[in-house]
Amino acid sequence: WLTTPGLKQWYQRRVRVAGKNAEILALMQQFHTQKLNDYKTILSTYAQIQMVNHSRALEFYTRGYQDILDIQTDEYLEGVLNETTPMSISQSNPQLNQSNTTPNQSVDQLNVTK
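Bear in mind that the values here come from a model prediction, so they are computed numbers and not experimental data.

Quick notes on the overall build of the protein
Inference 1: Counting secondary structure elements, the protein contains 3 helices and 0 strands.
Inference 2: Listing the helices and strands of the protein from first to last along the sequence gives α-α-α.
Inference 3: Burial statistics for the protein: of 114 residues in total, 2% are counted as buried.
Inference 4: Working note: accessible area of the protein is about 11200 Å², and carbon and sulfur atoms make up 59% of it.

This is the structure we're talking about:
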């Protein structure tokens, strides 16, 4: 049946096309495999970077949370109250104890520099 030249050429072309189709399919499969591997690499790297950043943030939040829990409210309140009592204010700033004016002196008579 392959005795006619046209039929023989048709069959040879068909065999070559089938071979080219197999090559194209192999290249397509290789391309998609490489693309999938690239996606996996990119996404896994991104996820790893995000995990590192979030773990660092979690460390800072944990440290801050622990610092908040370590605040001694009684000692802090005692310190604040000692600093804000009138006696401690006058002791820490002796100029407040000295009066620069006499009761009869007006504001205009004071030596105030701006």
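Picking up after the structure, the text goes on.
Structural notes on the confidence of the model for the protein
Inference 1: Per-residue confidence for the protein gives a mean pLDDT of 78; residues scoring 70 or more make up 72%.
Inference 2: Averaged over each element, pLDDT in the protein is lowest for helix 3 (residues 86-92) (56) and highest for helix 1 (residues 5-69) (90).

Points about a nonpolar patch on the surface
Inference 1: Among the surface-exposed residues, Trp10, Tyr11 and Val15 lie close enough to one another that they form a single nonpolar patch of about 310 Å² accessible area.
Inference 2: Relative to the helices and strands, Val15 is located in helix 1.

Looking at helix 2 (residues 73-84)
Inference 1: Here helix 2 spans 16 Å end to end across 12 residues, near enough to the 16 Å set by a 1.5 Å rise per residue.
Inference 2: Judged by how many residues are buried, helix 2 sits mostly at the surface: 0 of 12 residues are covered.

Parameters and conventions
Residues numbered from 1 in each chain as written. Predicted model: local features only at pLDDT ≥ 70, side-chain atom pairs only at ≥ 80, totals over all residues. Heavy atoms only, no water. Helix = DSSP H or I, 4+ residues; strand = E, 2+ residues; numbered from the N terminus. Buried < 20%, exposed > 50% of the residue type's maximum accessible area, 1.4 Å probe, protein only. Areas by Shrake-Rupley, 256 points an atom, 1.4 Å probe, with all protein chains shown as cover. pLDDT = per-residue confidence, 0-100. Patch = residues over 30% accessible without salt bridge, like charges linked within 9 Å, V, L, I, M, F, W, Y side chains within 5 Å. Salt bridge = Lys/Arg side-chain N within 4 Å of Asp/Glu carboxyl O. Expected span 1.5 Å × (residues − 1).

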